[in-house]
Amino acid sequence: MDHTVTPEQSAAEQALTERVLRSFAGTDDPRLKEVLAALVRHLHALVREVRLTEAEWEAAIAFLTACGDITDDKRQEFILLSDVLGASMQTVTVNNELDGDATEATVFGPFFVDDAPEIPFGGDIAGGAVGEPCWVEGTVIGTDGAPVPGARIEVWEADQDGFYDVQYGDDRTAARAWIAADANGAYGFWGLRPTPYPIPADGPVGRLLAATGRSPMRAAHLHFMVSAPGFRTLVTHIFVEGDEQLVVGDSVFGVKDSLIKRFDRQPAGTPAPAGRDLGGVAWSRTRFDVVLAREPAAR
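Residues numbered from 1 in each chain as written. Predicted model: local features only at pLDDT ≥ 70, side-chain atom pairs only at ≥ 80, totals over all residues. Heavy atoms only, no water.

1. What to know about the sheet that holds strand 9 (residues 260-261)
Line of reasoning, step 1. Spatial strand order, 3-2-7-8-9: five strands in an open sheet with mixed pairing. Lying at the two open borders of the sheet, with one neighbouring strand each, are strand 3 (176-180) and strand 9.
Line of reasoning, step 2. Note: strand 2 (residues 152-156) against strand 7 (residues 221-227), five bridges, orientation antiparallel. Looking at the pairing, Glu 154 lines up with Met 225 of strand 7. (Pairing = 2+ DSSP bridges. Helix = DSSP H or I, 4+ residues; strand = E, 2+ residues; numbered from the N terminus.)

In structure tokens, the structure reads:
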């Protein structure tokens, strides 16, 4: 499509951008001023580049309004929008610079909740959630290789039907917990083997994905948030090696190669860790060793 404009028209459009930028000259907060100025420059550049029509602008406003209308205390459509546009993952990437062998971060997602129950080493996070039992173990160390005793490890995941506990609306707490690493930085718990699932696609973000031919499916994953004094808090997940969704693509761009782990299936009757009696059912196991980066020194 030809978007050629005359020099006079271009000058008028640029003059408007400059007037808007000057309107923020009295902003006291320098960071707010910087962000608003960049927002205006890029937003105006988008409008000018695509020659946005008034009907398209109205459609965009209606779309954002619909995102607000469907958002409630259990669902945040704007997080979904940020996720599917890659803005969430880009923000994570900018704010978690590579640091030696430190474990890579990925998106937080909308389903974390505070006050998950604590479990001991070898405990079970399932809490009644349905799925194939999975033993998860590893150690938490710093980039210097020293263990991080007492690190707090928050974990949460969807059940085999692709739903988190908060999506059921009955106040259940399931498939989430936290565990403290032991004196050697080791941890181990029972969870569920992750399975692929769709992000909520019955709202405006789902319609956007459908209009662009994109799948709402997320690759199978297990969420982690690991924290300890003196270390940068890590928000990440691990993904299941061999999951077909890794080939098709993750709808929120959260996959990193370093986070893809083997989940080895164990035949029914195989002795299970932590003295658990699985009643003769098959189960899986995986290992995820976490490397935390040091908190940057105060300037």
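The structure having been displayed, the exposition proceeds.
2. Quick word on the packing of aromatic side chains
Line of reasoning, step 1. What the rule picks out here adds up to 13 aromatic pairs.
Line of reasoning, step 2. An angle of 45° between the planes, with centres 5.2 Å apart, marks the rings of Phe 108 and Phe 112 as tilted.
Line of reasoning, step 3. Note on Phe 121 and Trp 135: the rings are 6.1 Å apart at their centroids and 70° apart in plane angle, and the pair reads as edge-to-face. Of this pair, Phe 121 sits in the loop between helix 5 (87-95) and strand 1 (133-142) while Trp 135 is found in strand 1, placing the two residues 14 residues apart along the sequence. (Phe/Tyr/Trp six-rings, centres within 6.5 Å; stacked < 30°, edge-to-face > 60°.)

3. Section: helix 5
A turn of α-helix holds 3.6 residues, and therefore any two residues three or four places apart point the same way.
Line of reasoning, step 1. Inspection of helix 5 places Ser 88, Met 89 and Val 92 among the buried residues, and these make up the whole buried set. Within helix 5, the buried residues cover an arc of 95° as seen down the axis, which keeps them to one side.
Line of reasoning, step 2. Of the surrounding elements, those touching the buried residues of helix 5 are helix 4 (77-84). (Buried < 20%, exposed > 50% of the residue type's maximum accessible area, 1.4 Å probe, protein only. Arc of directions from axis to C-beta. Contact = heavy atoms within 4.5 Å.)

4. Some thoughts on the packing of helix 1 (residues 7-22) against helix 2 (residues 30-50)
A pair of packed helices can be characterised by two numbers: the angle between their axes and the separation between those axes.
Line of reasoning, step 1. The interhelical angle for the contact between helix 1 and helix 2, taken along N-to-C directions, is 160°, at an axis separation of 10 Å. With respect to their mutual orientation, helix 1 and helix 2 come out roughly antiparallel. With respect to the hand of their crossing, helix 1 and helix 2 are arranged in right-handed fashion. Together, Ser 10, Glu 13, Gln 14, Leu 16, Thr 17, Val 20 and Leu 21 of helix 1 and Ala 37, Val 40, Arg 41, His 44 and Arg 48 of helix 2 make up the contact between the two elements.
Line of reasoning, step 2. The class makeup of the residues in the contact of helix 1 with helix 2 is five nonpolar, four polar and three charged. (Axes fitted to C-alpha atoms, helices over the stretch in contact; angles between N-to-C directions. Parallel < 35°, antiparallel > 145°, perpendicular 65-115°, else oblique. Left-handed = near helix turned anticlockwise from the far one by under 90°. Nonpolar A, V, L, I, M, F, W, Y, C, P; charged D, E, K, R; others polar.)

5. Focus: the pattern of salt bridges
Line of reasoning, step 1. Under the counting rule described, the total for this entry stands at 15 salt bridges.
Line of reasoning, step 2. Between Arg 172 and Asp 170 there is a salt bridge, and its shortest N-O distance comes to 2.7 Å.
Line of reasoning, step 3. Overall, the relative accessible area of 38% leaves Arg 172 in the partly exposed class.
Line of reasoning, step 4. Residue classification places Asp 170 among the partly exposed positions, given a relative accessible area of 41%. (Salt bridge = Lys/Arg side-chain N within 4 Å of Asp/Glu carboxyl O.)

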